[in-house]
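Each chain, written out:
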Amino acid sequence: MYLLGVDIGSSSVKASLVNAETGKCVATDFSPKVEMEIMAVKAGWAEQSPEAWWANMKNAIQSIMSKSGVSGNEIKAIGISYQMHGLVLVDKNKEVLRPSIIWCDSRAVPYGEKAFKAIGEEQCLSHLLNSPGNFTASKLAWVKENEPELFAKIYKIMLPGDYIAMRLTGEITTTVSGLSEGMFWDFKTNSVSEDVMKYYGFDASVIPTILPTFADQGKVTADIAAELGLAAGIPVTYRAGDQPNNALSLNVFNPGEIAATAGTSGVVYGVNGHVNYDPQSRVNTFAHVNHTADTTRLGVLLCVNGTGILNSWMKKNVAPEGISYNEMNELAEAVAIGSNGISILPFGNGAERMLNNKEVGCSVHGINFNKHGKAHLLRAAQEGIVFSFAYGMEVMQGMGIDTRVIRAGFANMFMSPIFRDTLAGVTGATIELFDTDGSVGAAKGAGIGAGIYKSNVEAFASLEKLKVIEPNKAQEEAYKAAYELWKSKL
């Protein structure tokens, strides 16, 4: 008995097969082997062909089926993870009307800003828990104004994961979690937002049928089963955006639990147990995978653009030539906590939402030519990244998220002892590192949705914990002093 998970990214599509009994991944692959094309017809635009997602998903699924030797009849459920905030438009024949406007496309920013003021900032934040911003609803508003003839042909709007589910099952559906990430969901009325629909002039008929995140969301049709090498009738039982799904894959379901990633940019995703928002809109809040009208579970998302990209820049431009990341970490570890007074603000990768969308750039403070060298800068860079995480997490704490546990994959910056020790030290949280990814998480989510697993505890009982980092109480004051010095430079 197996579970199939697919993760529809903007760089590639990944698929994994999980043995439902053991919880172990038996095969995984991704397609394409080079980054998927992102079309940028104009500056600030970013579009992808939904057909390209489908073609690459097909390649990845066929590869893992071949490698594993698993029969299509042995797969009991399918789960879908997908890049958030994209807009897919189809007509009455379920044909795609235009390329998808994906998450990193910025053309809709002015539309969201106008909506925020027109609807009212307090009204938006208290009902949507966010500014309309550059999210899916604002992208649809751009289409309405700039492509009116195409807009008139729209039958349904979808997120990328909704499109993949439609291709698999023939049914057009969505979820509350998906609608919330698109700024279509009102958390006070527990319904599609009348404010957004009325302001933008959208007809309610464009919203697909709403289903639970964990549920039978349709079954694979016979023709699609033949195309993919699966069996007809396999149910799609789980669907979520990539950040909520990353949290799920790390078994982050309950208030106070945090999922984190630290690649080129970094994300901290915390679960809140009550409806709340940041008055300055420095973080985004969406319905988490286990949110219901009766049980509030909201994912509060903090993004730090200047994360691993700063460490990479240090390796290329500051560290001794030819040094590895491990050797760079060892060099930095020779320096004491606080980098002997150097503070680095890591915000050199664009405007930071948590700094009220200011583009402050990266800056280095406190260099003394007589006592500082490369090692001090290397350590200060990692500490600066961690402190930016901690600063954002203070916003989340102000919203009622009491951080106790941070879970992450053992990858990227979390492979650095300095990074993870500093994060534990400055936040006081225990850090748990795991071997997992989004497609495996989606497969486990499918197992929950299909009732194969009775709970998330059962689904993730086999999740392999690689490392646990506890805060070092003896160094608590040193971390606090370094962090306070860093904050004084903002």
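Our subject is the structure listed above.
Residues numbered from 1 in each chain as written. Predicted model: local features only at pLDDT ≥ 70, side-chain atom pairs only at ≥ 80, totals over all residues. Heavy atoms only, no water.

A. The arrangement of helix α14 (residues 417–427) in detail. The element α14 is largely enclosed, with a buried count of nine among its eleven residues. Residues of α14 that are buried include every one of Ile418, Phe419, Arg420, Thr422, Leu423, Ala424, Gly425, Val426 and Thr427, and no others. A positive backbone phi angle near 75 degrees is found at glycine 428, which sits one or two residues after α14. (Buried < 20%, exposed > 50% of the residue type's maximum accessible area, 1.4 Å probe, protein only. Helix = DSSP H or I, 4+ residues; strand = E, 2+ residues; numbered from the N terminus.)

B. Structural view of the pattern of salt bridges. Counted by the stated rule, this structure contains 18 salt bridges. Glutamate 47 is the partner of arginine 107 in a salt bridge, and the nearest nitrogen-oxygen pair spans 2.8 Å. Taken together, the positions of arginine 107 in the loop between β7 (100–101) and α2 (109–119) and glutamate 47 in strand β4 (residues 47–48) put the pair 60 residues apart, joining distant regions of the chain. One exposure class covers both arginine 107 and glutamate 47, and it is buried. Counted as one network, the salt bridges with shared partners bring together Glu47, Arg98, Asp105, Arg107 and Glu147. (Salt bridge = Lys/Arg side-chain N within 4 Å of Asp/Glu carboxyl O.)

C. Highlighting the side chain of threonine 237. Here threonine 237 lies in strand β13 (residues 236–241). Here alanine 446 takes part through its backbone oxygen, which lies 2.7 Å from a polar atom of the side chain of threonine 237. Here threonine 237 is in contact with Ala77, Ile78, Thr213, Phe214, Ala215, Asp216, Gln217, Gly445, Ala446, Gly449 and Ala450, once residues within four sequence places are set aside. (Polar contact = N/O pair within 3.5 Å; in protein donor to acceptor, adjacent residues only side chain to side chain. Contact = heavy atoms within 4.5 Å.)

D. Structural view of the packing of helix α10 (residues 242–249) against helix α15 (residues 438–449). Contact pair α10 / α15: the axes reach a minimum separation of 8 Å and the direction vectors enclose 75 degrees. Taken as axis vectors, α10 and α15 run roughly perpendicular relative to one another. Residues Asn245, Leu248 and Ser249 of α10 pack against Gly438, Gly441, Ala442 and Gly445 of α15. Looking at side-chain class alone, the contact of α10 with α15 contains two nonpolar, five polar and no charged residues. (Axes fitted to C-alpha atoms, helices over the stretch in contact; angles between N-to-C directions. Parallel < 35°, antiparallel > 145°, perpendicular 65-115°, else oblique. Nonpolar A, V, L, I, M, F, W, Y, C, P; charged D, E, K, R; others polar.)

E. Structural detail: the side chain of asparagine 245. Turning to its location among the elements, asparagine 245 is positioned in helix α10. In terms of polar contacts, asparagine 245 uses its side chain to reach the backbone carbonyl oxygen of glycine 438, at 2.8 Å. Excluding residues that lie within four positions of it along the chain, asparagine 245 makes contacts with Ser81, Tyr238, Ala240, Gly438, Gly441 and Ala442.

F. Highlighting the pairing of strand β20 (residues 405–409). Where burial is concerned, most of β20 is hidden: four out of the five residues are buried. As judged from the four bridges shared by strand β14 (residues 257–262) and β20, these two strands associate in the parallel manner. When the sheet's bridge partners are listed, isoleucine 258 is paired in β20 with isoleucine 406. Pairing analysis gives five bridges linking β20 to strand β21 (residues 430–434), with the strands arranged parallel. Bridge pairing in β21 links glycine 409 to phenylalanine 434. The handedness of the β20 to β21 crossover, carried by α14, is right-handed. (Pairing = 2+ DSSP bridges. Right-handed = clockwise from strand over helix to strand, strands pointing away.)

G. Highlighting helix α13 (residues 374–398). For α13, with 25 residues, the first-to-last C-alpha span of 36 Å sits near the 36 Å given by 1.5 Å per residue. The element α13 is largely enclosed, with a buried count of 20 among its 25 residues. Phi for glycine 400, located one or two positions after α13, is positive at around 105 degrees. (Expected span 1.5 Å × (residues − 1).)

H. View of unusual backbone geometry. With an omega of 0 degrees, the peptide bond between serine 31 and proline 32 qualifies as cis. Its identity is not glycine, yet histidine 85 carries a phi of approximately 75 degrees, on the positive side. For histidine 85, the location among the structural elements is in the loop between β5 (75–82) and β6 (88–90). A relative accessible area of 13% places histidine 85 in the buried class. The phi angle at serine 281 is positive, at roughly 55 degrees, despite the residue not being glycine. With respect to the element layout, serine 281 can be found in the loop between β15 (266–272) and β16 (284–287).

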